[in-house]
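# An overview of the molecular structure
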Amino acid sequence: MIVPDQPNQRWSLDFVSDALTDSRRFRVLAVVDDHTRECLALVIETSLSGRHVVRELDTIIARRGRPLTVVSANGTEFTSMAILRWTQDRQIDWQYIAPGKPMQNGFIESFNGSFRDECLNETLFSSLAEARDRITAWKEDYNTHRPHSSLGNLTPTEFATQLALEKQAA
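Parameters at a glance
- Residues numbered from 1 in each chain as written.
- Predicted model: local features only at pLDDT ≥ 70, side-chain atom pairs only at ≥ 80, totals over all residues.
- Heavy atoms only, no water.
- Helix = DSSP H or I, 4+ residues; strand = E, 2+ residues; numbered from the N terminus.
- Rg over C-alpha atoms; globule rule 2.2 N^0.38 Å.
- Buried < 20%, exposed > 50% of the residue type's maximum accessible area, 1.4 Å probe, protein only.
- Contact = heavy atoms within 4.5 Å.
- Areas by Shrake-Rupley, 256 points an atom, 1.4 Å probe, with all protein chains shown as cover.
- Lys, Arg positive; Asp, Glu negative; His and termini not counted.
- Charge placed at Lys NZ, Arg CZ, Asp CG, Glu CD.
- Salt bridge = Lys/Arg side-chain N within 4 Å of Asp/Glu carboxyl O.
- Phe/Tyr/Trp six-rings, centres within 6.5 Å; stacked < 30°, edge-to-face > 60°.
- Lys NZ or Arg CZ within 6 Å of the ring centre and 35° of its normal.
- Axes fitted to C-alpha atoms, helices over the stretch in contact; angles between N-to-C directions.
- Parallel < 35°, antiparallel > 145°, perpendicular 65-115°, else oblique.
- Expected span 1.5 Å × (residues − 1).

Along the protein chain, the regular secondary structure elements total 5 helices and 5 strands. Tracing the protein chain from N to C terminus, the helices and strands come up as β-β-β-α-β-α-β-α-α-α. The globule rule puts the C-alpha radius of gyration for 170 residues at 15 Å, and the 16 Å found for the protein chain is close to it. When each of the 170 residues of the protein chain is scored for burial, the buried share is 45%. In the protein chain, the proportion of contacts linking residues at least 24 apart, taken out of those at least 6 apart, comes to 58%. Split by element, the accessible area of the protein chain, about 9,000 Å² in all, is 49% carbon and sulfur. Of the charged side chains in the protein chain, 19 are positive and 23 negative, and the gap between their average positions amounts to 5 Å.

What follows is about the pattern of salt bridges. Close approach of charged atoms allows side chains with opposite charge to pair. Throughout the structure, instances matching the rule amount to 9 salt bridges. Ionic pairing is found between Arg24 and Asp22, a salt bridge with its closest N-O pair at 2.8 Å. A residue is classified by how much of its surface remains accessible, and Arg24, at 44% relative accessible area, is partly exposed. For Asp22, a relative accessible area of 43% gives the class partly exposed. Salt-bridge contacts for Glu45 lead to Arg132; the nearest nitrogen and oxygen are separated by 3.2 Å. Of the two residues, Glu45 sits in strand E3 (residues 39–45) while Arg132 sits in helix H4 (residues 128–144), which places them 87 residues apart along the sequence. The class of Arg132 is partly exposed, set by a relative accessible area of 30%. A cluster of three or more residues bridged by salt bridges with shared partners is formed by Asp33, Glu38 and Arg64.

A separate point is the environment of Leu154. Along the chain, Leu154 turns up in the loop between H4 and helix H5 (156–169). Along the primary structure Leu154 and Asn143 are separated by 11 residues, whereas in three dimensions their C-alpha atoms are 9.8 Å apart. Leu154 has contacts with Arg146, Pro147, His148, Phe159 and Gln162, leaving out every residue within four places of it along the chain.

Attention shifts here to the packing of aromatic side chains. All told, the structure shown has 10 aromatic pairs when counted by the stated rule. Each ring, one from Phe111 and one from Tyr142, has its centre 5.0 Å from the other, and the planes form 85°; the classification is edge-to-face. You can see Phe111 sitting in helix H3 (residues 106–120) and its partner Tyr142 sitting in helix H4, a full 31 residues away along the chain. Tyr142 gets classed as buried once you look at its relative accessible area, which sits at 6%. Each member of the aromatic cluster is reached from another via a ring pair, and the members are Phe15, Phe78, Trp86, Trp94 and Tyr96. Between Arg27 and the ring centre of Phe15, over which it is positioned, the NZ or CZ distance is 4.1 Å.

Another aspect to go through is the side chain of His148. One can find His148 in the loop between H4 and H5. The class for His148 is buried, based on a relative accessible area of 13%. In contact with His148, other than residues within four places in its own chain, are Tyr142, Asn153, Leu154 and Pro156.

Across the interface, helix H1 (residues 50–64) lies against helix H2 (residues 81–90) with an axial gap of 8 Å and an inter-helix angle of 30°. As judged from the angle between their axes, H1 and H2 are roughly parallel. Across the interface between the two elements, Gly50, Arg51, Val53, Val54, Leu57, Asp58 and Ile61 from H1 touch Ala82, Ile83, Trp86 and Arg90 from H2.

Take H4 next. In this model, H4 (17 residues) spans 24 Å end to end at C-alpha, consistent with the 24 Å of a helix rising 1.5 Å per residue. For H4, the complete set of buried residues consists of Leu128, Glu130, Ala131, Ile135, Trp138, Tyr142 and Asn143.

Here it is, written out as structure tokens:
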């Protein structure tokens, strides 16, 4: 897999599932910038439609600009008419990995492993509100306090800030 050489070249998306202590299921939409390794969003809901996904992506784009490419599995949320219309309207290339080949989206798979091991498997959530609070705190820690060897031992936020400063200086 080719590593993007700039932020917003490629974002990876995937869903992770978990359950509350009362056995009600919830899903988390994870969005990662493959170059900076920043977790751009962790959206926690009991159900996430294609329309909801595009609303969340528009929120991220308003904050940081649009990606050139999005990579995801080919589940129904990601192949819906809402997604297809959205990619066409915004001129964003959406690439689907081959069924049963999660490593074709290795950046998000690596992120999901950390997220599951360090947050979901370590925490019992009694409500969606609690899940949102704890998962948001984990995302903040992941982005701002945890250095990544692939980023020269900088945190994703430090790496992205450094890139922005270098771009301004050029």
